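Now for the letters of each chain:
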Amino acid sequence: MDFSQPVVMGILNVTPDSFSDGGKHLQLDDALFQAEAMLKDGAQILDIGGESTRPGAKAVNADDELERVIPVIEKVTANLDVAVSVDTSKAIVMTEAVKAGAGMVNDVMALRGEGALQAVAQMPSNIAVCLMHMQGQPRTMQQAPSYKDVLKEVAAFLNERADACIQAGIDSNRIVLDAGFGFGKTLQHNLLLLQHLDQLSSCGYPLLTGISRKSMVGALLNNAPVDQRLFGSLAAAIIAWQKGSAIIRVHDVKATVDALKVASAIGRN
Ligand code: 7PJ
């Protein structure tokens, strides 16, 4: 992928299954419609996920997750010329998603789940993997995040996971790293990471950054609700790109693509 210009990854959340087949078809059509719109708006990657990793979210079992995401990945990759990534931590979902046409595995657990490292190692060598930092587990990670040096600890963790990938036979050119904004981090931790994101990009791997609509944006805007966080999210997207992030993961594709076009016309320095 060409990282000389900002790459926008559009988030396609797959909602819980409905009860009837008719509902399923409607949901598939809706997912394809959303995917098409994001592609038209300038997304180069679509991130498809069926498990919520928001703070406090409940785990989803593998069968439900497969049932949610696989048909959508099949439909999107069959109909649209776009790279698809699968947002999952489960080895079986990673494997089936790649068989269904996904070209990237995006794992908030950085392949620490059972069988995940092996699953990615066995995939074709053109499949990328995003390793994200998280302190703790989604259900409890925001209870008391704590670091001596958040920058050093996140960098050390990501380097350790990248090394584990390479040890397992995953080529270094397949690896993307992510600081994991909001995953076991206070507002101050998130701000420090964003301010010094360039230090992480010096690890030598492309960076992916997801701040879109997150609570760190809300916290800076008088606790604005999720639907009032677009303008703040755009500021964060521009800063993340300027500090070296290659891929920006967002809900609002058109707005972000436009903002990053203006930023990239000026360049990073
Ligand atoms: C991220 C993610 C992120 C990567 C989510 C949300 C929560 N994957 N999946 N990075 N966040 N790589 O979008 O608010 O920041 S789910």
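Refer to the structure printed above.
So, a few notes on the structure that sits alongside this text. (Residues numbered from 1 in each chain as written. Predicted model: local features only at pLDDT ≥ 70, side-chain atom pairs only at ≥ 80, totals over all residues. Heavy atoms only, no water.)

### Topic: the overall build of the chain
Right, on to step 1. Each helix and strand counted, the chain has 10 helices and eight strands in total.
Right, on to step 2. By the compact-globule yardstick of 18 Å for 269 residues, the chain fits well, its C-alpha radius of gyration being 17 Å.
Right, on to step 3. Principal-axis analysis of the C-alpha atoms gives the chain an extent of 50 × 40 × 40 Å.
Right, on to step 4. Looking at the chain residue by residue over its 269 residues, the buried ones come to 51%.
Right, on to step 5. Look at the contacts in the chain between residues 6 or more apart in sequence, and 71% of them connect residues 24 or more apart.
Right, on to step 6. On the chain, roughly 12,700 Å² of surface is accessible, and the fraction owed to carbon and sulfur atoms is 52%.
Right, on to step 7. Computing the positive centroid from 23 side-chain charges and the negative centroid from 29, the chain places the two 6 Å apart. (Helix = DSSP H or I, 4+ residues; strand = E, 2+ residues; numbered from the N terminus. Rg over C-alpha atoms; globule rule 2.2 N^0.38 Å. Buried < 20%, exposed > 50% of the residue type's maximum accessible area, 1.4 Å probe, protein only. Contact = heavy atoms within 4.5 Å. Areas by Shrake-Rupley, 256 points an atom, 1.4 Å probe, with all protein chains shown as cover. Lys, Arg positive; Asp, Glu negative; His and termini not counted. Charge placed at Lys NZ, Arg CZ, Asp CG, Glu CD.)

### Quick notes on the site of the ligand
Right, on to step 1. Surrounding the ligand, one finds Thr-53, Asp-87, Asn-106, Val-108, Cys-130, Met-132, Asp-178, Phe-183, Leu-208, Gly-210, Lys-214 and Arg-249.
Right, on to step 2. At 3.1 Å from a nitrogen atom of the ligand is found a side-chain nitrogen or oxygen belonging to Asp-87.
Right, on to step 3. In the model, an oxygen atom of the ligand is placed 2.8 Å from a nitrogen or oxygen of the Arg-249 side chain.
Right, on to step 4. Of all the secondary structure elements, the ones that give two or more residues to the shell around the ligand are strand E5 (128-132) and strand E7 (207-210). (Near = heavy atom within 4 Å. Polar contact = N/O pair within 3.5 Å; in protein donor to acceptor, adjacent residues only side chain to side chain.)

### Here we look at the nonpolar core
Right, on to step 1. Among the nonpolar cores identified, the biggest contains 71 residues, and Ile-48, Ile-73, Val-76, Val-105, Leu-111, Leu-131 and Ile-175 are the most heavily contacted of them.
Right, on to step 2. Sort the elements by how many residues they give to this core and helix H5 (residues 150-167) lands first, with nine residues.
Right, on to step 3. When sequence neighbours within four positions are dropped, the list of residues in contact with Leu-111 reads Met-94, Ala-116, Leu-117, Val-120, Val-129, Leu-131, Arg-161, Cys-165 and Ile-170.
Right, on to step 4. Grouped together as the second largest cluster of nonpolar side chains are 10 residues, Met-9, Met-104, Cys-130 and Ala-246 included. (Core = buried A, V, L, I, M, F, W, Y, C linked by side-chain atoms within 4.5 Å.)

### Some thoughts on the pairing of strand E1 (residues 7-13)
Right, on to step 1. Summarising burial for E1: six of the seven residues are buried, a large majority.
Right, on to step 2. Bridge analysis of E1 against strand E8 (residues 245-250) gives four bridges, and the strand direction is parallel. Its bridge partner being in E8, Gly-10 is matched across the sheet by Val-250.
Right, on to step 3. Of the strand pairs in this sheet, E1 and strand E2 (residues 45-49) are connected by five bridges, and their pairing is parallel. By the bridge assignment for E2, Met-9 is matched with Ile-45. (Pairing = 2+ DSSP bridges.)

### Some remarks on the pairing of E2
Right, on to step 1. Most of E2 sits out of view: five of its five residues are buried.
Right, on to step 2. Here E2 shows two buried faces, one formed by Ile-45, Asp-47 and Gly-49 and the other by Leu-46 and Ile-48.
Right, on to step 3. With five bridges connecting them, E2 and strand E3 (residues 83-87) associate as parallel partners. Note on E3: the bridge partner recorded for Asp-47 is Ser-85.
Right, on to step 4. In this view, the connection linking E2 to its parallel neighbour E3 by way of helix H2 (residues 62-79) has right-handed handedness. (Right-handed = clockwise from strand over helix to strand, strands pointing away.)

### Description of the layout of surface pockets
Right, on to step 1. Roughly 950 Å³ of volume is contained in the largest pocket.
Right, on to step 2. Mapped onto the lining of the largest pocket, the elements with two or more residues apiece are E1, E2, helix H6 (187-195) and helix H8 (215-220). (1 Å grid on protein atoms, 1.4 Å probe; cavity = no way out; pocket = protein on both sides within 12 Å on 5 of 7 lines; lining within 4 Å. Points joined across faces, edges and corners; volume = space filled by probe spheres on them.)

### A closer look at the side chain of Thr-209
Right, on to step 1. By the secondary structure assignment, Thr-209 is in strand E7.
Right, on to step 2. Residue Thr-209 is classed as buried on the basis of its relative accessible area, which comes to 2%.
Right, on to step 3. Within polar-contact distance, the side chain of Thr-209 engages the side chain of Ser-245 at 2.8 Å.
Right, on to step 4. Residues contacting Thr-209, with those up to four places away along its chain left out, are Asp-178, Phe-181, Leu-197, Ala-240, Ser-245, Ile-247, Ile-248 and Arg-249.

### Observations regarding the state of the cysteines
Right, on to step 1. Applying the stated criterion across every chain, the model contains zero disulfides.
Right, on to step 2. Unpaired in terms of disulfides, Cys-165 finds its nearest cysteine sulfur in Cys-130, a separation of 10 Å.
Right, on to step 3. Residue Cys-165 is classed as buried on the basis of its relative accessible area, which comes to 0%.
Right, on to step 4. For the unlinked cysteine Cys-203, the closest cysteine sulfur is that of Cys-130, found at 13 Å. (Disulfide = S-S within 2.5 Å.)

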